[in-house]
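One letter stands for each residue in the lines below.
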Amino acid sequence: MWDDAFPSFLIGLREGLEAGLIVSILIATLVRAGARSRLSQVWTGVLAAIALAMSFGAVLTFTAASLTQTAQEAFGGVLSVIAVAFVTAMVFWMRRSARSLSGELKEKVTGALAMGSGVLILTSFLAVGREGLETALFLWTTARAAGESAGPLTGAAVGLVLAAGLCWGLYRRVLKINLTRFFTATGAVLIVIAAGVLGYGLRDLQEGGVLPGRTAFAVDLSSGVDAGSWYSTLVQGVFNLTPAMTWLQVAGYLSYLAVVMTLFVRGVRATAPRAAADRPEPGPKAARPQRRRPVWVIPAAVVAVPAVLAGLVVALARPKPAGDQTVAVSETECGKGFTAPKPGRQTFQMHNTGGRTSEVYLVDPASNAVYGEIEGLAPGTTRDLVATVAGGTYAWRCVPTGGKAVTSKPVSVHGGGAAKPVVPVSAQDLAAPLAAYKTYVGKGLATLVDQARTLDHDIEGGHLDRARTDWLTAHRTYASLGAAYGTFEDFDQKIDGRPDGLPGGVRDKDFTGFLRLEHGLWHGEPAKDLRAPARQLADAAAGLQKAFPAQAFDPGDLPLRAHEILENTLQFELTGDTDQGSGTGLGTADANLAGTRELLTVLRPLLATRARGLLPTVDADIARVQKLLDAARHGSTWTPVDRLAAADRQRIDGATGQLLEDLAPVPDLLEIRKSA
């Protein structure tokens with residue numbers, strides 16, 4: 001439960017701090033100005049934002065719909081920019097109020113607040129609403145991923161309570177300070193907070209595809225700063241400064257801070273408070289009778305309106321099951337109750353009436369292309385299958401565990417454009433790519449054995465300079481076999497295991513293989529201490545070569561490895577995490593890229609018929625990463641990761657991240673789906 005709760009705790013703390021800091025300053029301003037009657041305006045905005053967030057969560061829950069990632073980021077970015085505009089307006093209103101403070105402070109400030117009631121409501125609404133929407137979406141997706149809601153909700157509640165406590169402490173503190181100084185100080189604080197919100201919003205707009213430069217990082221401290229630590233969470237929550245920031249974020253942050261802070265400070269210095277005697281007394285105003293509405297009307301309205309709108313969305317936008325009927329699944333019948341659906345996004349309620357767990361697919365019976373699927377539908381259970389339906393022919397295919405596939409009668413749908421199904425892949429389809437890749441690995445292992453023996457001879461003879469060169473050659477050969485790691489069993493740990501988790505660390509007796517030799521060769525260990533590890537490495541390489549032909553290689557692993565090889569590269573080699581002193585992480589990354597390229601070569605025929613635009617994009621990405629790695633290569637040596645210029649490191653990380661993103665569809669496109 002804690003694993004599910006902790007991420008939600010952090011998001012609750014972070015989002016609570018972002019919203020609470022602005023709201024607590026607004027409340028303290030009203031209390032110190034003697035305008036408690038205006039607190040309802042702030043709380044009305046807060047209440048409206050909470051109602052909106054809860055209604056949004058209800059829409060997500062009851063419609064089983066989710067925003068696309070780009071839409072989510074773009075929406076959050078727009079709200080951020082709007083929030084910055086209103087916070088900036090509040091800052092300069094506070095500055096003007098500070099200039100007018102004197103003997104009749106309370107009356108003047110109260111009058112100013114009366115004129116700015118709409119600003120107060122909007123500012124508090126946007127401060128809480130933006131964070132509330134993000135929190136609702138985060139909790140919903142976390143609960144879906146975890147399969148339960150207790151952990152995420154508990155974590156978020158604890159985080160929000162802690163954030164409220166911190167903001168309460170700020171509120172109690174500001175009530176004791178001089179009000180004129182308070183206006184000036186809190187104005188400066190709000191400018192810093194707003195600058196961070198602007199930077200965060202610009203990043204959201206980049207992630208949403210609205211603004212360019214998503215991978216052009218100006219700062220990246222990710223390798224040295226734990227983004228999940230308590231101090232990092234506080235800094236991100238208060239100032240919206242993240243370990244990695246793009247050039248646009250940094251430019252927006254610094255530009256806003258420089259311009260707005262300069263205008264704010266200049267305005268504070270330029271105008272001194274005039275004495276009360278220098279200001280004309282306001283004349284008496286004719287009393288205008290006002291009709292007082294009950295105090296509960298506005299709070300009730302701000303709760304009711306989002307709730308009613310959410311109910312309408314749930315009622316009207318939720319996809320309905322085809323024909324308002326449940327579609328039955330069993331060993332003998334598949335798709336009972338299925339009628340031709342209307343074009344568009346549809347939700348089918350699949351109920352397993354049989355006695356076996358079943359795979360369920362919505363297919364084109366002519367081509368077997370898959371429009372939607374449910375894996376492991378247990379007996380007696382009902383689950384939703386969401387699919388986009390357009391003009392074409394559709395049927396249900398049910399594959400019970402240990403049984404034969406059953407296909408329903410086809411139905412035809414007219415109109416609605418065209419849907420994009422996935423052409424299924426069988427184990428037989430992957431047989432030829434698997435055979436080709438196993439041949440590649442077999443040749444690579446033969447080369448590895450020879451290179452490991454050469455390395456062993458170098459160390460045996462005390463030729464450590466030569467050993468360092470031969471070490472890198474052999475290690476790059478092993479790294480280029482990335483897609484086969486899952487089949488190497490315990491040989492991988494013996495050949496390329498890390499010291500992480502070993503009681504003795506780099507001195508542990510179980511720390512063996514390339515990284516053990518790397519540590520010794522680049523930390524001045526004598527040859528006599530390295531002979532045993534070198535011999536162990538040579539023996540392990542020979543043992544792997546002998547065992548590999550008989551080892552099980554699941555064909556379904558090939559599509560998975562297309563993404564995982566470089567995912568590990570980004571996590572370990574490009575952060576320097578596995579470096580034991582040689583500074584050759586980029587050389588290993590280059591070998592991993594070569595292994596990925598070889599894997600895509602054997603998968604290319606299958607991908608070409610399923611995603612025509614994917615391969616040109618991936619090829620361009622690979623060429624971009626290769627060019628960046630080549631620039632860091634100097635003959636047989638490589639620039640260590642920690643010595644790269646910040647811009648160069650960001651370009652490599654960004655290009656690798658983009659390649660990973662473009663490779664992400666490969667496992668789904670080439671997933672083996674049961675057909676019998």
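Residues numbered from 1 in each chain as written. Predicted model: local features only at pLDDT ≥ 70, side-chain atom pairs only at ≥ 80, totals over all residues. Heavy atoms only, no water.

## Things to note about the packing of helix H16 (residues 557–571) against helix H19 (residues 646–663)
For the pair H16 and H19, the least separation of the axes is 9 Å and the interaxial angle reads 155°. Taken together, H16 and H19 sit at an angle that is classed as roughly antiparallel. Relative to H19, H16 is oriented so that their crossing is left-handed. Residues Ala562, His563, Leu566, Glu567 and Leu570 of H16 form the contact with H19, whose participating residues are Asp653, Thr656, Leu659, Leu660 and Leu663. When its residues are assigned to classes, the contact of H16 with H19 shows six nonpolar, two polar and two charged. (Axes fitted to C-alpha atoms, helices over the stretch in contact; angles between N-to-C directions. Helix = DSSP H or I, 4+ residues; strand = E, 2+ residues; numbered from the N terminus. Parallel < 35°, antiparallel > 145°, perpendicular 65-115°, else oblique. Left-handed = near helix turned anticlockwise from the far one by under 90°. Contact = heavy atoms within 4.5 Å. Nonpolar A, V, L, I, M, F, W, Y, C, P; charged D, E, K, R; others polar.)

## A closer look at the sheet that holds strand S3 (residues 327–329)
The strand order S4-S3-S5-S8 describes an open sheet built from four strands, whose pairing is mixed. This sheet does not close on itself; its edge strands, each paired only once, are strand S4 (334–336) and strand S8 (382–389). Put simply, the sheet's adjacent strands are angled 35° from each other on average, direction ignored. In terms of strand pairing, S3 meets strand S5 (residues 344–352) through three bridges, oriented parallel. Note on S5: the bridge partner recorded for Ala328 is His351. (Pairing = 2+ DSSP bridges.)

## Section: the packing of aromatic side chains
Applying the stated rule across the entire model yields eleven aromatic pairs. Measuring from centroid to centroid gives 5.3 Å for Phe348 and Trp396, while their planes differ by 80°, and the two rings are edge-to-face. You can see Phe348 sitting in strand S5 and its partner Trp396 sitting in strand S9 (residues 392–400), a full 48 residues away along the chain. Three or more aromatic residues joined by ring pairs make a cluster, and in this case those are Trp471, Tyr478, Phe488, Phe514, Trp522 and Phe548. The lysine or arginine in question, Lys494, covers the ring of Phe491, its NZ or CZ lying 5.5 Å from the ring centre. Geometry around Phe572 places Arg498 over its ring, the cationic atom sitting 4.1 Å from the centre. (Phe/Tyr/Trp six-rings, centres within 6.5 Å; stacked < 30°, edge-to-face > 60°. Lys NZ or Arg CZ within 6 Å of the ring centre and 35° of its normal.)

## Let's talk about the confidence of the model for the protein
Summarising the model, the protein shows a mean pLDDT of 77, and 70% of its residues fall at 70 or more. Ranking the elements of the protein by mean pLDDT puts helix H4 (residues 105–115) last with 44 and helix H12 (residues 464–479) first with 96. Taken as a whole, residues 318–324 scores under 50 in pLDDT and shows 18 contacts with residues more than four places along the chain or in a different chain. (pLDDT = per-residue confidence, 0-100.)

## Structural notes on the pattern of salt bridges
Taken as a whole and judged by the stated rule, the model has 15 salt bridges. Residues Arg498 and Asp500 are paired through a salt bridge, measuring 3.6 Å at the closest nitrogen-oxygen approach. Of the residues examined, Arg498 reaches a relative accessible area of 33% and is grouped as partly exposed. The partner of Lys509 in a salt bridge is Asp510, with the nearest N and O atoms 3.4 Å apart. One salt-bridge network, in which partners are shared between bridges, spans Asp456, Arg535 and Asp539. (Salt bridge = Lys/Arg side-chain N within 4 Å of Asp/Glu carboxyl O. Buried < 20%, exposed > 50% of the residue type's maximum accessible area, 1.4 Å probe, protein only.)

## Structural notes on unusual backbone geometry
Unlike most non-glycine residues, Asn368 shows phi in positive territory, near 65°. Structurally, Asn368 can be placed in the loop between strand S6 (358–363) and strand S7 (370–377). With relative accessibility at 30%, the residue Asn368 sits in the partly exposed group.

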